[in-house]
Amino acid sequence: MADPKEEEAEERGPVPCSPCRGTGKLNSNSGGEPHAVDCPWCEGSGVFIEGHDAQAAQRSEEELADAGPQPDVD
Ligand SMILES: [Zn+2]
């Protein structure tokens, strides 16, 4: 039988990251093509990180995407 106290403790365990639903991966359309990226909210762990600044990761990803496809300069 489940002890009520144990259930309560379980609720305080690791919280699945909701943007990626605990998978640690998100589909990104940056670059014009859908591709899986590590979830910036949980850094690919699939576990919600409290107070994590996902926007900082998004910003750097945009910068990387900008620098990604190199123009044809030959
Ligand atoms: Zn996540």
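Fair warning: this is a prediction, and the values are worked out from it, not measured in the lab.

1. As for the overall build of the protein chain
Okay, so step 1: When its secondary structure is counted, the protein chain shows 2 helices and 2 strands.
Okay, so step 2: Element order for the protein chain, N to C, with α for helix and β for strand: α-β-β-α.

2. Remarks on the confidence of the model for the protein chain
Okay, so step 1: Averaged over all residues, the pLDDT of the protein chain equals 78, while 65% of them reach at least 70.
Okay, so step 2: Looking over the protein chain, one finds the lowest element-wise mean pLDDT in helix H1 (residues 4-11), namely 58, and the highest in strand S2 (residues 35-38), namely 92.

3. Focus: the nonpolar core
Okay, so step 1: In terms of nonpolar packing, the biggest core is built from 5 residues, these being Cys 17, Cys 20, Cys 39, Trp 41 and Cys 42.
Okay, so step 2: Setting aside chain neighbours within four positions, we find Cys 39 in contact with Cys 17, Pro 19, Cys 20, Gly 24, Lys 25, Leu 26 and Gly 44.

4. Side note on the pairing of S2
Looking along a regular strand, one sees the side chains alternate between the two faces of the sheet.
Okay, so step 1: In the sheet, strand S1 (residues 25-28) pairs with S2 via 4 bridges, with the strands oriented antiparallel. Of the residues in S2, the one forming a bridge with Ser 28 is His 35.
Okay, so step 2: The hairpin formed by S1 and S2 contains 6 residues between the paired strands, and Gly 31 there has a positive phi angle of roughly 95 degrees.

5. Comments concerning unusual backbone geometry
Okay, so step 1: In the Ramachandran plot, Arg 21 falls in the positive-phi region, its phi being about 55 degrees despite a non-glycine side chain.
Okay, so step 2: With 12 C-beta atoms counted inside 10 Å, the residue Arg 21 sits in the exposed group.

6. Topic: the environment of Pro 14
Okay, so step 1: Mapped onto the elements of the fold, Pro 14 is located in the loop between H1 and S1.
Okay, so step 2: Pro 14 gets classed as exposed once you count the C-beta atoms within 10 Å, which come to 12.
Okay, so step 3: Note: C-alpha distance between Pro 14 and Phe 48 (34 residues apart in sequence) is 7.2 Å.

About the thresholds
- One numbering rule holds for all chains: residues counted from 1, following each sequence as written.
- Two thresholds apply to this predicted model, a pLDDT of at least 70 for residue-level local features and 80 or more for giving and counting side-chain atom pairs, whereas whole-chain, interface and lining totals are computed over all residues.
- Helix numbers and strand numbers start at the N terminus; a helix is a DSSP run of H or I with at least 4 residues, a strand a run of E with at least 2.
- Here pLDDT means the predictor's own confidence in every residue, given as a number from 0 to 100.
- Note on terminology: a nonpolar core is a set of buried residues of type Ala, Val, Leu, Ile, Met, Phe, Trp, Tyr or Cys, with members joined through C-beta atoms within 7 Å.
- Put plainly, a residue is buried at 20 or more neighbouring C-beta atoms within 10 Å of its own, exposed at 12 or fewer, and partly exposed in between, counting only other residues' C-beta atoms, which are placed from the backbone.
- The contact criterion used here is simple: two residues whose C-beta atoms, placed from the backbone, lie within 7 Å are in contact.
- Two strands qualify as a pair provided that DSSP identifies no fewer than 2 bridges between them.

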